[in-house]
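# Chains, contacts and geometry: an overview
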Amino acid sequence: MVDLQTQYQHIKQDIDAGIQEVIEAAAFIKGPKVTAFQTHLEAYTGAKHVITVGNGTDALQIALMGLGLKPGDEVITPTFTFIATAEVVALLGLTPVVVDVDWDTMNMDVDAVRRAITPRTKAIVPVHLFGQCANMEELMKLAKEHHLYIVEDACQAIGARYTFSNGESKQAGTMGDIGCTSFFPSKNLGCYGDGGAIFTNDDELAARLRAIANHGMVVRYHHDMIGVNSRLDSIQAAVLDAKLPHLDAYITARQKAAAYYDKAFANHPKILVPGHQKNSTHVFHQYTLRVVGYDRDRLREQLSERGIPAMIYYPVPLHQQKAYLDSRYKDGDFPVAERLAGCVLSLPMHTELDEEQLNYITSNILEILK
Ligand SMILES: *Cc1c(COP(=O)(O)O)cnc(C)c1O
């Protein structure tokens, strides 16, 4: 699914030098590498403040803590996504309200969000799923109208761009009140362990988020709020700082592979290629087909027999997960998400795919589906 070894070989010198520097300086926590990476990521994303943290899930939790939400406050999130988004909402005693997604883009359905808003709704957490932005123009209008916060889950979409109807163009994670991303190794900008970051353009919020990530501490050993301990370590920052200058090239490589897949599968009666979100670029964290005229699980097995990995992101929507079963929801309530869970199949997608590999993958799929 990914090829991090080959990617490393291309940038080995820079990565090794960065790691070596951290070890020799013995500045493992909050060292100059972390500060440098934050500054470089601010320049890359256009976010006024980047606050690095331990992972993407922590980023989401700290974001919601920073907004001062209270138990019982409702947070709207898509039901077709990775668990982290709803998990942190539940952990904080907030109420996750899930909504269905769009069949083509697989992103949060704006009309469903509108219908889910109640007087207790405080925030919307759109997930920019698989690497393209949700419909931010409409979501931001809705949030403004109802005085709601927006926390973007940009864990899969770093570097994606969204263009608003007024011509303004912004990066994933920098449009809402807060944006969150993950540097999990297989993410588009991945480190060699765990890492994450929070983006905001609000000075006060940035100070609060920074303090929460550091035990609620502003002045050493004086704790103004309840916080957590979540930080990016310097070795991971060194890896990320070496990889950041390549991120645009990595995105282009993913887009090229996606274009190859798109072309091979265009107008196929049994599989649908990913639909594109209007006004957003797609950075293809995943290339996810919908298998509509063939047994998805059988196709996956047949590919596996031919040495081709394929993954199911995600097999069970949030409202059908054991830990999140809720009397408010029943099977059939979110038909698009439930249908997607039964038919999505993600193909190998990374920066090192060459034409030979792409040809092997696509020709085998076409042959199986003949
Ligand atoms: C990866 C991911 C997360 C969590 O990131 P971690 O760094 O693994 O904690 C959250 N949301 C989405 C959509 C993700 O893809």
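About the thresholds
Residues numbered from 1 in each chain as written. Predicted model: local features only at pLDDT ≥ 70, side-chain atom pairs only at ≥ 80, totals over all residues. Heavy atoms only, no water. Near = heavy atom within 4 Å. Polar contact = N/O pair within 3.5 Å; in protein donor to acceptor, adjacent residues only side chain to side chain. Areas by Shrake-Rupley, 256 points an atom, 1.4 Å probe, with all protein chains shown as cover. 1 Å grid on protein atoms, 1.4 Å probe; cavity = no way out; pocket = protein on both sides within 12 Å on 5 of 7 lines; lining within 4 Å. Sits in = over half its atoms within 2 Å of the grid points. Domains from an automatic or database assignment. Contact = heavy atoms within 4.5 Å. Buried area = accessible area lost by both parts, 1.4 Å probe. Salt bridge = Lys/Arg side-chain N within 4 Å of Asp/Glu carboxyl O. Helix = DSSP H or I, 4+ residues; strand = E, 2+ residues; numbered from the N terminus. Nonpolar A, V, L, I, M, F, W, Y, C, P; charged D, E, K, R; others polar. Core = buried A, V, L, I, M, F, W, Y, C linked by side-chain atoms within 4.5 Å. Buried < 20%, exposed > 50% of the residue type's maximum accessible area, 1.4 Å probe, protein only. Points joined across faces, edges and corners; volume = space filled by probe spheres on them. Phe/Tyr/Trp six-rings, centres within 6.5 Å; stacked < 30°, edge-to-face > 60°. Lys NZ or Arg CZ within 6 Å of the ring centre and 35° of its normal. Pairing = 2+ DSSP bridges.

The next point concerns the site of the ligand. Close to the ligand lie Asn 55, Gly 56, Thr 57, Phe 82, Ala 84, Val 127, Asp 153, Cys 155, Gln 156, Ser 182 and Lys 187. In this structure, an oxygen atom belonging to the ligand sits 2.7 Å away from a side-chain N or O atom of Ser 182. Here the ligand, which alone exposes 380 Å², has 91% of that area covered by the protein. When each cavity is represented as a set of grid points, the ligand is found to reside in the largest pocket.

A few words on the domain arrangement of the protein chain. Per the domain assignment, the segments of the protein chain are domain 1 (4-245) and domain 2 (246-368). Taken over C-alpha atoms, the centre of domain 1 sits 24 Å from the centre of domain 2. In this complex, domain 1 contributes 50 residues to the contact, which on the side of domain 2 involves 43 residues. The three residues of domain 1 that bury the most area against domain 2 are Trp 103, Phe 130 and Asn 188, which together make up 21% of that side's buried surface. Between the two partners, domain 1 and domain 2, sit one salt bridge. Its salt-bridge partner being Arg 290, residue Asp 104 comes within 3.2 Å of it at the nearest N-O pair. Here domain 1 is connected to domain 2 by 27 residue pairs in polar contact (both at pLDDT 80 or more). Counting only elements with at least two residues in the side of domain 1 that touches domain 2, the list comes to α1 (4-25), α4 (84-91), β3 (95-99), β6 (161-163) and α8 (234-243). Counting residues per element, the side of domain 1 that touches domain 2 draws most heavily on β3, which supplies five residues. Among the residues making up the side of domain 1 that touches domain 2, the classes are represented as 27 nonpolar, 16 polar and seven charged.

In this structure, Leu 41, Phe 80 and Phe 183 are the most contacted members of the largest nonpolar core, which totals 90 residues. When residues of this core are assigned to their parent elements, the largest contribution, seven residues, is made by helix α9 (residues 247-265). When residues are assigned to domains, this core turns out to be shared by domain 1 (4-245) and domain 2 (246-368), each giving three or more. Residues Val 53, Val 75, Val 88 and Ala 123 belong to the second largest nonpolar core, which totals 25 residues.

On to empty space enclosed by the protein, then. A complete count under the given rule lists two cavities of 30 Å³ or more for this structure. Counted as a void, the largest cavity has a volume near 70 Å³. Lining the largest cavity we find Val 2, Asp 3, Leu 4, Gln 7, Pro 185, Ser 186, Lys 187, Asn 188, Lys 243, Arg 254, His 350 and Thr 351. Here the residues of the lining of the largest cavity sort into three nonpolar, five polar and four charged. Two domains each put at least three residues into the lining of the largest cavity: domain 1 (4-245) and domain 2 (246-368). Its volume calculated, the second largest cavity comes out at about 40 Å³. Lining the second largest cavity are Thr 105, Met 106, Leu 129, Phe 130, Gln 132, Pro 274, His 282, Gln 286 and Thr 288. When residues of the lining of the second largest cavity are sorted by domain, at least three fall in each of domain 1 (4-245) and domain 2 (246-368).

A full pass over the atoms with the stated rule returns 12 aromatic pairs. Here the aromatic residues Phe 80, Phe 82, Phe 130, Tyr 313 and Tyr 314 are joined through ring pairs into a cluster of three or more. Its guanidinium or amino end placed over the ring of Trp 103, Arg 290 lies 5.0 Å from that ring's centre, counting from NZ or CZ. The aromatic ring of Trp 103 is capped on one face by Arg 339, whose charged end is 4.1 Å from the ring centroid.

Here the focus is the environment of Pro 71. Turning to its location among the elements, Pro 71 is positioned in the loop between α3 (56-66) and β2 (74-78). Among the residues examined, Pro 71 registers a relative accessible area of 66% and is labelled exposed. Put simply, Pro 71 and Leu 129 are 58 residues apart on the chain and 27 Å apart in space, counted from C-alpha to C-alpha. Contact partners of Pro 71, with chain neighbours within four places excluded, come to Gly 93 and Leu 94.

Let us look at the side chain of Arg 290. Inspection of the secondary structure assignment puts Arg 290 in strand β13 (residues 287-291). Overall, the relative accessible area of 2% leaves Arg 290 in the buried class. Of the polar contacts made by the side chain of Arg 290, one reaches the side chain of Asp 104; its length is 3.2 Å. Within polar-contact distance, the side chain of Arg 290 engages the backbone oxygen of Val 273 at 2.7 Å. With residues up to four places along the chain from it excluded, the contact list for Arg 290 reads Trp 103, Asp 104, Met 106, Lys 270, Ile 271, Leu 272, Val 273, Pro 274, Gly 275, Leu 340, Cys 343 and Val 344.

Here we come to the sheet that holds strand β14 (residues 344-347). Spatial ordering of the open sheet is given by β12-β13-β14, a layout of three strands whose pairing is antiparallel. Each edge of the open sheet is held by one strand with a lone partner, namely β12 (271-272) and β14. Bridge count between β13 and β14: four bridges; the pairing is antiparallel. Each bridged residue has a counterpart across the sheet, and for Leu 289 the counterpart in β14 is Leu 345.

For a regular strand, the rule is simple: side chains alternate between the two faces of the sheet. Within β13, five of the five residues are buried, which leaves it mostly tucked inside the rest of the structure. Here β13 shows two buried faces, one formed by Tyr 287, Leu 289 and Val 291 and the other by Thr 288 and Arg 290. As paired elements, β12 and β13 share two bridges and run antiparallel to each other. If you follow Ile 271 over to β13, its bridge partner there is Val 291.

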